[in-house]
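# Summary of structural features
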Amino acid sequence: LPICPNGGTNCQMSTGDLFDRAVKLSHYIHSLSSEMFNEFDERFTPTRRFLPKSVISCHTSSLNTPEDKEQAQQIQHEDLLNLVMQVLRSWNDPLVHIVSEVQDFREAPDTILWKAVEIEEQTKRLLEGMEKIIGRIHPADSGNEVNSLWSGPPDVQQSDENSRLFAFYNLLHCLRRDSHKIDNYLKLLKCRLIHDSIC
Amino acid sequence: LNALSPPGKPEILKCRSYEKVTFTCWWKPGPDGGLPPTYRLLYTKENDQRVYECPDYQTSGPDSCFFDKDHTSFWILYHIYVNATNALGSNVSDIKSVDVIYIVQPHPPTNVSLKIEGHNDMLVKWLPPAMVDVHTGWLTLKYEVGVKEEKDQEWEAYSIDHQLKLKLFGLTPGGNYIVRVRCIPDSGLWSEWSDASYIQIPGGTKGTDL
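Structure report, in brief. (Residues numbered from 1 in each chain as written. Chains lettered and ligands numbered in written order. Predicted model: local features only at pLDDT ≥ 70, side-chain atom pairs only at ≥ 80, totals over all residues. Heavy atoms only, no water.)

## Some words on the overall build of chain B
To keep things clear, this is the line we draw: Every helix listed is a DSSP run of H or I at least four residues long, and every strand listed is a run of E at least two residues long, numbered separately from the N terminus. Atoms counted for the radius of gyration: C-alpha only. Globule rule: 2.2 Å times the number of residues to the power 0.38. Here, two residues are considered to be in contact whenever any of their heavy atoms come within 4.5 Å of each other. We score Asp and Glu as negative and Lys and Arg as positive, and we do not count His or the chain ends. For this purpose, a charge sits on NZ of Lys, CZ of Arg, CG of Asp or CD of Glu.
For chain B, the count of helices and strands is 0 helices and 15 strands. Against the 2.2 N^0.38 benchmark of 17 Å for 210 residues, chain B shows a C-alpha radius of gyration of 24 Å, more extended than a compact globule. In terms of overall dimensions, chain B has a C-alpha envelope of 75 × 45 × 25 Å along the principal axes. Put simply, of all contacts in chain B between residues at least 6 apart along the chain, 61% involve residues at least 24 apart. Here chain B contributes 20 positive and 26 negative side-chain charges, whose respective centroids are spaced 2 Å apart.

Quick look at the structure:
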């Protein structure tokens, strides 16, 4: 058992430390997601030009997430925490799909695969951390309903390379976006709950 | 009269948000075709087929459109284009797709101050750029301090997470130093460098400047 500062053996990490770790993880996950998206975009789309205008909405777009600073500051922190959890949980299955799908793309470099695996791993850890935080802040709330917002990969012919690439492009675009939302909301929550909004 | 023609194709130069609350886009007019053209910046938003027009052509100066906070949403794509029209016809720019999250470029840090501490140590301090709210966590900035002796070519760079100061140790006695600071949001673009600040470290042997 760990030796606690005050000699006891039942010490635990402070909520502030938990938040620090969560924010570091969310920041790391978002930068990996951005790099993976950019790398895929550079390698696979120059010839195919998936125009951003053709991006279809993300599987999480039905969640009522704040879209600007004012909305994000007005929302109750319990609701914002729950939104973070819903977005996080909604990526469990898609991340498994991303890891398996990227291995099927012939020219996909190992660096994209490595990032996909790393994001899947770190997202699980972030989810565990968030469950601890919520367990501290709202013990009653720590239900872990499973979110099945994602209806699985689009129904495209395995042989239709273009459609598969576009579906994957769209998924990475959504991952980059949602990982930034999670990162941003956690930074807001940390300032609000741990530093009384004076970060 | 035959020298007159519809206006040339305008080009959207860039879009920037300085504080992750509002944003501005600038465009470059094409040739005017000999007749005074009018310009309209139009845009659609992700999953919304309606066409909107620029809410404010004034605030950010000529050939620009300012989106105030009521017209700025994050995590959605704006598809922006400019339409130039004169009496003989019109021309449209290419579409520029923008997610405001990724065009945040703050102004440089402010109030950079240098102070000698001990014999040849220096404390560098600064403040976040104006108009940027770093207290609520909506925008998180990291900083980079550039330091060099005046006689040197290369800058030494120090990355700073969120603090607003840096202490430098063991500087050259008698050395003339230049310091500058810049910042970057958690996802976005580096600011420009702050103005350079100058300081001389005490000490050093007399006549070393020959």
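Further notes follow.
## Let's talk about the pairing of strand β9 (residues 110–117) of chain B
Threshold: Only strands that DSSP links by at least two bridges are regarded as paired with each other.
For β9 of chain B and strand β10 (residues 121–127) of chain B, the ladder comprises 6 bridges, and the chain directions are antiparallel. The residue of β10 of chain B that forms the bridge with Lys-115 of chain B is Leu-123 of chain B.

## Concerning the interface of chain B and chain A
Keep this limit in mind: Buried area adds together the accessible area that both of two parts lose upon being put together, with accessible area traced by a 1.4 Å probe. The term salt bridge refers to a pairing of a side-chain nitrogen on Lys or Arg with a carboxyl oxygen on Asp or Glu at a separation within 4 Å.
Counting from both sides, the interface comprises 28 residues of chain B and, opposite them, 28 residues of chain A. In this assembly, chain B packs against chain A so that about 2400 Å² is buried in total across both faces, 52% of it on carbon and sulfur atoms. Of all residues in chain B, Trp-75, Tyr-102 and Trp-138 of chain B give up the largest surface area on contact with chain A, accounting jointly for 29% of the area buried on that side. For the interface between chain B and chain A, the tally reads 5 salt bridges. Only β6 (77–86) and β8 (96–99) of chain B provide two or more residues apiece to the side of chain B that touches chain A.

## Details of the state of the cysteines
Stated formally: Cysteine sulfur atoms that pair up within 2.5 Å are treated as a disulfide. Throughout, exposure labels follow a simple rule: accessible area from a 1.4 Å probe, protein chains only, divided by the maximum for the residue type, with under 20% read as buried, over 50% as exposed, and the rest as partly exposed.
If you walk through the whole model with that rule in mind, you get 4 disulfides over all chains. Paired by a disulfide, Cys-191 of chain A and Cys-199 of chain A hold their sulfur atoms 1.8 Å apart. Its S-S torsion of approximately -115° makes the covalent link between Cys-191 of chain A and Cys-199 of chain A left-handed. Take Cys-191 of chain A: its relative accessible area is 3%, and that puts it in the buried class. Paired through a disulfide, Cys-15 of chain B and Cys-25 of chain B show a sulfur-sulfur distance of 2.1 Å. What sets the handedness of the Cys-15 of chain B and Cys-25 of chain B disulfide is the S-S torsion sign, and at about 110° it is right-handed. With Cys-15 of chain B in strand β1 (residues 11–16) and Cys-25 of chain B in strand β2 (residues 23–28), this residue pair connects regions lying 10 residues apart in the sequence. One exposure class covers both Cys-15 of chain B and Cys-25 of chain B, and it is buried. Disulfides within chain B link the bonded cysteines, taken in sequence order, as 1-2, 3-4.

By themselves, these observations are geometric and do not establish any function.
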